[in-house]
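# Report on the structure
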Amino acid sequence: MAELSRKTQQLHQQLQQERQKTAEQGQQFRQQLVEEYRRAMEEVQQKRSALAQEAEQLDRQRTALEQLRQELQRLHQETLQIRLATEELYIQLSATVPPAVLSHSLSQLRRQLSESYRLCQEDIHQEKQQLEAFREELVRLEEKHLAEKERLRRLAGQKEEEL
């Protein structure tokens, strides 16, 4: 009987030790899981920050390029307008130019000016499309990061429940 009591007490102690060991392992596993989740969230945040910085840099570059393009277009249009005015003045001053040549020269300058304006409008339309595509890409990347964050949160919850 004493032997049975001693065996029972030993088994009880072993059970307590196993419970304690399992609890410690569970606690360690939870800590590891929390640390992995924290690292993953830091990584997501770093990627988000890097993406935001890249977007800002692209915006600055795009703005500078757009300003330069607009200035060049403005200068080109001014040059065409000055040329048109110069030719009109020249024709008025030189009555020796036949009307057909005058008409042809003026219509050619007007076409060039009209083409310049049309190209400006096309550029503006293309830039709007590019900006919209860029915006859509940013939204897609943000959704991807949010989905990854949610996946990690769910994974941490599942692991916690398993423990």
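First, a word on scope: everything that follows refers to the structure included in this document.

### Details of the overall build of the protein chain
Summing up its helical and strand segments, the protein chain has two helices and zero strands in all. Over its C-alpha trace the protein chain gives a radius of gyration of 38 Å, far above what one expects of a compact globule, namely 15 Å for 163 residues. Taking the principal axes of the C-alpha coordinates as reference, the protein chain spans close to 140 × 20 × 10 Å. Residues classed as buried in the protein chain amount to 16% of the 163 residues present. Excluding contacts between residues fewer than 6 apart, the proportion of contacts in the protein chain whose partners are at least 24 apart in sequence is 86%.

### Overview of the packing of aromatic side chains
Taken as a whole, this structure holds zero aromatic pairs when the rule is applied. For the cation-ring pair, Arg 62 lies above Phe 134, with the distance from its terminal atom to the ring centre recorded as 5.6 Å.

### Notes on the pattern of salt bridges
This structure, assessed with the given rule, holds 16 salt bridges. Close ionic contact of Arg 118 with Glu 115 constitutes a salt bridge, the shortest N to O distance being 2.3 Å. In this pair, Arg 118 and Glu 115 are both assigned in helix H2 (residues 99-162), three residues apart and thus about one turn of the helix distant. With relative accessibility at 38%, the residue Arg 118 sits in the partly exposed group. On the basis of relative accessibility, which here comes to 34%, the residue Glu 115 falls in the partly exposed class. With a closest N to O distance of 2.8 Å, Glu 148 and Arg 151 form a salt bridge. Note that Glu 148 and Arg 151 are positioned in helix H2 at a spacing of three residues, about one turn of the helix.

What counts and how
Residues numbered from 1 in each chain as written. Predicted model: local features only at pLDDT ≥ 70, side-chain atom pairs only at ≥ 80, totals over all residues. Heavy atoms only, no water. Helix = DSSP H or I, 4+ residues; strand = E, 2+ residues; numbered from the N terminus. Rg over C-alpha atoms; globule rule 2.2 N^0.38 Å. Buried < 20%, exposed > 50% of the residue type's maximum accessible area, 1.4 Å probe, protein only. Contact = heavy atoms within 4.5 Å. Phe/Tyr/Trp six-rings, centres within 6.5 Å; stacked < 30°, edge-to-face > 60°. Lys NZ or Arg CZ within 6 Å of the ring centre and 35° of its normal. Salt bridge = Lys/Arg side-chain N within 4 Å of Asp/Glu carboxyl O.

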